[in-house]
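Next come the chains, spelled out residue by residue.
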Amino acid sequence: MVHAPLRPPAGAPPVRINLYSDTQTRPTPAMKEAMMRAEVGDEQHGDDPTVHELCDRMAALMGKEAAVFLPSGTMCNVIAILTHCSKGDEVVAHETSHILHSEGGTHAALAGVQIMPLKGPRGMFTAEDVRAAIRPRTRYAPPQRLLEVEQTANIGGGAIWPLAQLNAVADVAHEQGWATHMDGARLMNACVAAGIAPKDMVANYDSVWLDFTKGLGAPLGAVLCGSAEFIGQAWRWKQRLGGSMRQAGICAAACLYALDHHVDRLAEDHANAKALARGLRQIPGVVVEEPDTNLVFFDIKGCGMTVAQLQERLRLRGVAVSGLGGRVRACTHLDVTAPIIEEAVLEIRAALAAA
Ligand SMILES: *Cc1c(COP(=O)(O)O)cnc(C)c1O
């Protein structure tokens, strides 16, 4: 079993067009300048002023009392679940959710929770679906404690939960006495595309986090927000998991820079994603979902080639895309421009024509 990251195939040229993920951006020169200028201290000891500034800004942006800086989004999810739940509890989430598929079974391994997977188009479910998932409160049934949603829904196609639906599912959870948690890895994409302020988008969620490495261009970092009580408990788990850091302000400075300079421009990524979808739709056999944000999913079953074969052919042409849920996924981000999109369409058309 290979657990280490894979290296590029032998003889593959450098990646010229990287649509693999919005996580593969490099810090810009201006972001690096901001990192170099950062005032730092011992974060674990509460002495890093730049981390405090980032947490204060994030708490205000999300309309929550407090926030904590963590190295990754995965750690935000696991700490949120550890904080909200006890062993044997159940978390209600979509069947395509990141916590279920892409976090190495962390929630079972570390929090001892089970996840009840709900169905629904584009990574979303309805208030009715949540009602239908409510278990009787008997000693036979696992205690249900938490509702989790992803905004945007990743495998759902980068889809944006409409605000009314987000609020409706959270209302059902709260009626049952459950907590609500939002995986906001790409929350800013949703807020920019929908024109809704983050604090309004997350008002009905007890905890929420944002990833600074998804399209926002920071080298690492995510911020988890919630009540002062919740963040206090979250700090205990941060310490236990080894997520307490030292001069982390050097990274928090990159996140602050991203908040100031890389949020509004997400609209360009969304326009580029739409252009990519339009271009791909012209290729015979390709079925493209209309993107809400920066993720473009397309089906190539009609092209006589598997997703892995297309990935390999494209990689040999210097183009990287990912495969997710049986489809091809192409992400737009900071390093992708309109001319790159035009070239990507030509490359994908050529790679598929070889079938
Ligand atoms: C990437 C991602 C995560 C995990 O974030 P990392 O920073 O990679 O640990 C969690 N949820 C969703 C929806 C994601 O896309």
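Residues numbered from 1 in each chain as written. Predicted model: local features only at pLDDT ≥ 70, side-chain atom pairs only at ≥ 80, totals over all residues. Heavy atoms only, no water.

- By the naming in an unreviewed UniProt entry, the protein chain goes by Threonine aldolase and is assigned to Neoroseomonas alkaliterrae.
- One UniProt comment on the protein chain, placed under Sequence similarities (unreviewed entry), says "Belongs to the threonine aldolase family."
- Per UniProt, the comment on the protein chain under Subunit (unreviewed entry) is "Homotetramer." (UniProt positions renumbered as here; feature names shortened; annotations may be inferred.)

Comments concerning the overall build of the protein chain
Here is step 1 of the chain: When its secondary structure is counted, the protein chain shows 14 helices and 13 strands.
Here is step 2 of the chain: In terms of overall dimensions, the protein chain is globule-like: its C-alpha atoms have a radius of gyration of 21 Å, near the 20 Å expected for 355 residues.
Here is step 3 of the chain: Reported as C-alpha extents along the three principal axes, the dimensions of the protein chain are approximately 55 × 55 × 45 Å.
Here is step 4 of the chain: The buried share among the 355 residues of the protein chain stands at 53%.
Here is step 5 of the chain: For the protein chain, the share of sequence-separated contacts (at least 6 apart) that also reach a separation of at least 24 residues comes to 74%.
Here is step 6 of the chain: With the model as given, the accessible surface of the protein chain reaches about 15400 Å², and the carbon-plus-sulfur share is 54%.
Here is step 7 of the chain: Averaging the positions of the 33 positive and the 38 negative side-chain charges in the protein chain gives two centres separated by 6 Å. (Helix = DSSP H or I, 4+ residues; strand = E, 2+ residues; numbered from the N terminus. Rg over C-alpha atoms; globule rule 2.2 N^0.38 Å. Buried < 20%, exposed > 50% of the residue type's maximum accessible area, 1.4 Å probe, protein only. Contact = heavy atoms within 4.5 Å. Areas by Shrake-Rupley, 256 points an atom, 1.4 Å probe, with all protein chains shown as cover. Lys, Arg positive; Asp, Glu negative; His and termini not counted. Charge placed at Lys NZ, Arg CZ, Asp CG, Glu CD.)

Here's the deal with the UniProt feature "modified residue: N6-(pyridoxal phosphate)lysine" (unreviewed entry) in the protein chain
Here is step 1 of the chain: Feature annotation in UniProt assigns "modified residue: N6-(pyridoxal phosphate)lysine" (unreviewed entry) to the following positions: Lys 214.
Here is step 2 of the chain: Take Lys 214: it is sitting in the loop between strand E7 (207–211) and strand E8 (222–226).
Here is step 3 of the chain: Accessibility expressed as a relative area gives 14% for Lys 214, which makes it buried.
Here is step 4 of the chain: The contact partners of Lys 214, leaving out residues within four places of it in the chain, are Asp 22, Thr 23, Ala 185, Arg 186 and Asn 189.

Considerations on the pattern of salt bridges
Here is step 1 of the chain: All chains considered together, the criterion is met by 20 salt bridges.
Here is step 2 of the chain: In this structure, Asp 89 engages Arg 145 in a salt bridge whose closest nitrogen and oxygen atoms are separated by 2.9 Å. One end of the pair, Asp 89, is in the loop between helix H3 (73–84) and strand E3 (90–94); the other, Arg 145, is in strand E5 (residues 144–150), with 56 residues separating them in the sequence.
Here is step 3 of the chain: Overall, Asp 89 belongs to the buried group, its relative accessible area being 2%.
Here is step 4 of the chain: With a relative accessible area of 34%, Arg 145 lands in the partly exposed category.
Here is step 5 of the chain: The salt bridge involving Arg 317 is made with Glu 347; its shortest N-O contact spans 2.5 Å. Of this pair, Arg 317 sits in the loop between helix H13 (307–316) and strand E11 (319–320) while Glu 347 sits in helix H14 (residues 338–353); the two residues are 30 residues apart in sequence, bridging distant segments of the chain. (Salt bridge = Lys/Arg side-chain N within 4 Å of Asp/Glu carboxyl O.)

A closer look at helix H10 (residues 228–240)
Here is step 1 of the chain: For H10, spanning 13 residues, the distance from its first C-alpha to its last is 19 Å, which sits close to the expected 18 Å at 1.5 Å a residue.
Here is step 2 of the chain: Phi turns positive one or two residues past the end of H10, at Gly 242, with a value near 80°. (Expected span 1.5 Å × (residues − 1).)

As for empty space enclosed by the protein
Here is step 1 of the chain: Tallying each qualifying case throughout the model produces two cavities of 30 Å³ or more.
Here is step 2 of the chain: By volume, the largest cavity is sized at about 50 Å³.
Here is step 3 of the chain: Lining of the largest cavity is provided by His 94, Thr 96, Ser 97, Gly 123, Glu 148, Val 149, Glu 150 and Ala 153.
Here is step 4 of the chain: Sort the elements by how many residues they give to the lining of the largest cavity and E5 lands first, with three residues.
Here is step 5 of the chain: For the lining of the largest cavity, the class distribution of residues is two nonpolar, four polar and two charged.
Here is step 6 of the chain: One number sums up the size of the second largest cavity: a volume of about 30 Å³.
Here is step 7 of the chain: What lines the second largest cavity is Arg 122, Gly 156, Gly 157, Glu 289, Glu 290, Pro 291, Leu 295, Val 296 and Phe 297.
Here is step 8 of the chain: Of the residues assigned to the lining of the second largest cavity, the class counts are four nonpolar, two polar and three charged. (1 Å grid on protein atoms, 1.4 Å probe; cavity = no way out; pocket = protein on both sides within 12 Å on 5 of 7 lines; lining within 4 Å. Points joined across faces, edges and corners; volume = space filled by probe spheres on them. Nonpolar A, V, L, I, M, F, W, Y, C, P; charged D, E, K, R; others polar.)

As for the sheet that holds strand E13 (residues 327–331)
Here is step 1 of the chain: Within the open sheet, the four strands sit side by side as E9-E10-E13-E12. Their pairing is antiparallel. Two strands in the sheet have a free side with no partner beyond their single neighbour: strand E9 (287–288) and strand E12 (322–324).
Here is step 2 of the chain: When E12 meets E13, the two strands line up antiparallel, connected through three bridges. Among the inter-strand pairings, Ser 322 is bridged to a residue of E13, identified as Arg 329.
Here is step 3 of the chain: Packed onto the sheet, helix H12 (residues 266–281) meets E9, strand E10 (295–299) and E13 and runs at close to 15° relative to E10. (Pairing = 2+ DSSP bridges. Axes fitted to C-alpha atoms, helices over the stretch in contact; angles between N-to-C directions.)

A closer look at the nonpolar core
Here is step 1 of the chain: Counting residues in hydrophobic clusters, the biggest one holds 57 residues, and the most contacted among them are Leu 54, Met 58, Phe 69, Leu 147 and Phe 212.
Here is step 2 of the chain: Broken down by element, this core gets its largest block of residues, eight residues, from helix H11 (residues 249–261).
Here is step 3 of the chain: Listed in part, the 28 residues of the second largest apolar core include Ala 277, Ile 283, Met 305 and Ile 348. (Core = buried A, V, L, I, M, F, W, Y, C linked by side-chain atoms within 4.5 Å.)

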